[in-house]
Structures are given as C-alpha cells and as structure tokens.
Amino acid sequence: MNAKEISPAVIKRLPRYYRYLGELLENEVVRISSKELSERMQVTASQIRQDLNNFGGFGQQGYGYNVQYLYTEIGKILGVNQTNNIIIIGAGNLGQALANYQDFEKRGFAIKAIFDVNPRLIGLTVRGVEIMDIETVGKFVKENDIRIAALTLPKQKAQKAAQELVDLGIKAFWNFASVDLHLPEDIVVENVHLSESLMTLSYRINSMNQQ
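One numbering rule holds for all chains: residues counted from 1, following each sequence as written. pLDDT decides what is reported in this predicted model: residues at 70 or higher carry local features, side-chain atom pairs at 80 or more are listed and counted, and totals for whole chains, interfaces and linings draw on all residues regardless. Water and hydrogen atoms play no part in the side-chain values, which are based on all heavy atoms of the structure.

S.K.: Tell me what's going on with the packing of helix α1 (residues 8-26) against helix α3 (residues 45-53), and back it up with residues and numbers.
M.R.: Helix axes are fitted to C-alpha atoms over the stretch in contact, other axes to C-alpha atoms as well, and angles between N-to-C directions run from 0 to 180 degrees. Helix and strand assignments follow DSSP, with helices taken as H or I runs no shorter than four residues and strands as E runs no shorter than two, numbered in order from the N terminus. Running from N to C, α1 and α3 point in directions that differ by 105 degrees, and their axes come no closer than 11 Å. By the angle class used here, α1 and α3 are roughly perpendicular. Contact with α1, carried on its side by Val10, Arg13 and Tyr17, involves Gln47, Ile48, Asp51 and Leu52 of α3 and no other residues of that element. In terms of residue class, the contact of α1 with α3 is made up of four nonpolar, one polar and two charged. Angle categories: roughly parallel below 35 degrees, roughly antiparallel above 145, roughly perpendicular from 65 to 115, and oblique for all the rest. Contacts are residue-level and defined by heavy atoms, with any inter-residue pair within 4.5 Å sufficient. Amino acids are sorted into nonpolar (Ala, Val, Leu, Ile, Met, Phe, Trp, Tyr, Cys and Pro), charged (Asp, Glu, Lys and Arg) and polar (every other residue, Gly among them).

Next up, the structure:
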C-alpha cells in the first residue's frame, strides 16, 4: 500500500507503538497480544489490529505479536532504522535543549550542528555539538548529507530561513517557530506549536471544571 494512503491518525500512533514496544523490550517481554498492548496504550485492540493491518498485520492467530519483530518492523516504517542527520537553526534555550536530548540517537536521529548569528555563542558546544556561524550552513549541509532542519527561531525569521534552507537542499523541517511555513509541496514540515498545545491543555482543564 502506498504510504500516502495511510491515515494521518494512524501515522501519529506509530511512534507510540514504537515507544511502548521499546519499553517492553527493556523489560524482556518476548510477545504480547493486541489486548495486552491495548491495555497499556489505552487504544482498543481492534484499533491496534486495524492500524497494523495497514502495513501487513505482523501478528499470529493465538500467539499475538513478537515484540522484537514488531518493534523492528515499525522502526523500518518510521525510517528510524537508518541515521537521519539534523541541524538546529537557533542556539537559544530551546535549540540547546533539543541538542541536549540524548534519546534522539536511539531513534536514528543525529544532531550534527547548531547554527546561530550570535558571535558570543559561535564555537561553544552543547553535548559535543558545535554551535556554528549561520553563514557556514550551506557548506555544512552539502558536506554532511543534511536533509532535516529543526527551526527554533523567532517566528519573524522562520519563513526566510526555511526558504533559504530549501534552496540549500533541506527536504524536511521540524518547526518550533509559532508560524505556519509556506514552502513547496514536496517539502515535509512537522509543526510543534508549544503555545497551541498548552492552550489545548488549558481548554481541557477548563472544560472539566465546568462539568
């Protein structure tokens, strides 16, 4: 099945499956049924089977799922079985926090460099990752097979920076700027709007209080 036909909701759940299966492996669980997995994830067993059937199923009647096999196959679907090189644009608090997050390597993502315009930051390192002058980003992207950029810039600068990075060969953005990027259709953008997520949380709390 063509990946474009898969529901976005299913794609959103795949990383959760991967995370829970990883935890099962850490606890030396060899196999698990869809019912047991549903109880852990609070997703119905029927939903789990439907989601996985989009990619071939992976389960065996009367046996359930082999945890290692399913973890490996979902990793392949997500593309985390190969290394994806990333750069971070913006060496502020958020950019440095991302560079400090060690689990990226476990998921197949290698942060290669951070770029900024602030001369006081250039040359410093964050967990071994160097902060470099933004003027050198083009050469670095070309020489290090970079296809993904995380944007931790003020929203006023994000669009221009993203367009320039597209021109340099960047194919995907992890966008933390509070702005929707307008880029060619073949460019992948995953938006992470922290304020919107917080407001959603506020709405849910407010709704509970009014019941």
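S.K.: Explain the side chain of Asp116 residue by residue, including any values.
M.R.: As for its position among the elements, Asp116 is in strand β4 (residues 109-116). It turns out Asp116 is buried and unbridged, and the closest side chain with the opposite charge, Lys157, is 7.4 Å from it. We define a polar contact as two N or O atoms separated by no more than 3.5 Å, with the added condition that, inside protein, one atom must be a possible hydrogen donor and the other a possible acceptor, whereas residues neighbouring each other in sequence contribute only through side-chain atom pairs. Polar side-chain contacts of Asp116 include one of 2.6 Å to the backbone nitrogen of Ala91. Ignoring anything within four residues of it in the chain, the contact list for Asp116 reads Gly90, Ala91, Gly92, Leu121, Ile122, Ile131, Met132, Asp133 and Ile134. Under the scheme applied here, a residue whose accessible area is under 20% of the maximum for its type counts as buried, over 50% as exposed, and between as partly exposed, the area being computed with a 1.4 Å probe on protein chains only. Under the convention used here, Asp and Glu are negative, Lys and Arg are positive, and both His and the chain ends fall outside the count. Think of a salt bridge as a Lys or Arg side-chain nitrogen and an Asp or Glu carboxyl oxygen that are within 4 Å of each other.

S.K.: Could you give an account of the sheet that holds strand β5 (residues 125-126), naming the residues involved and the relevant values?
M.R.: With respect to topology, seven strands assemble into an open sheet ordered β5-β6-β4-β3-β7-β8-β9, the strand pairing being mixed. Strands with a single pairing partner mark the edges of an open sheet, and in this sheet they are β5 and β9 (188-191). Whether two strands pair depends on DSSP finding at least two bridges between them. One ladder, built from three bridges, connects β4 with strand β6 (residues 129-133); its direction is parallel. Across the sheet, Asp116 pairs through a bridge with Asp133, a residue of β6. Packed on one face of the sheet, helix α8 (residues 155-168) meets β3 (84-89), β7 (148-151) and β8 (172-175) and runs near 170 degrees to β7.

S.K.: Requested: an account of a nonpolar patch on the surface, with residues and values cited.
M.R.: Judged by side-chain polarity, Leu198, Leu201 and Ile205 come together as a nonpolar surface patch covering roughly 290 Å² of accessible area. Within the element layout of this structure, Ile205 appears in helix α9 (residues 194-209). The exposure class assigned to Ile205 is partly exposed, which follows from its relative accessible area of 43%. Without a salt bridge and with relative accessible area above 30%, a residue can belong to a patch; like charges are then joined within 9 Å and nonpolar side chains (Val, Leu, Ile, Met, Phe, Trp, Tyr) within 5 Å. Reported accessibility uses the Shrake-Rupley method at a 1.4 Å probe radius. Residues are deemed covered only where the shown protein chains occlude them.

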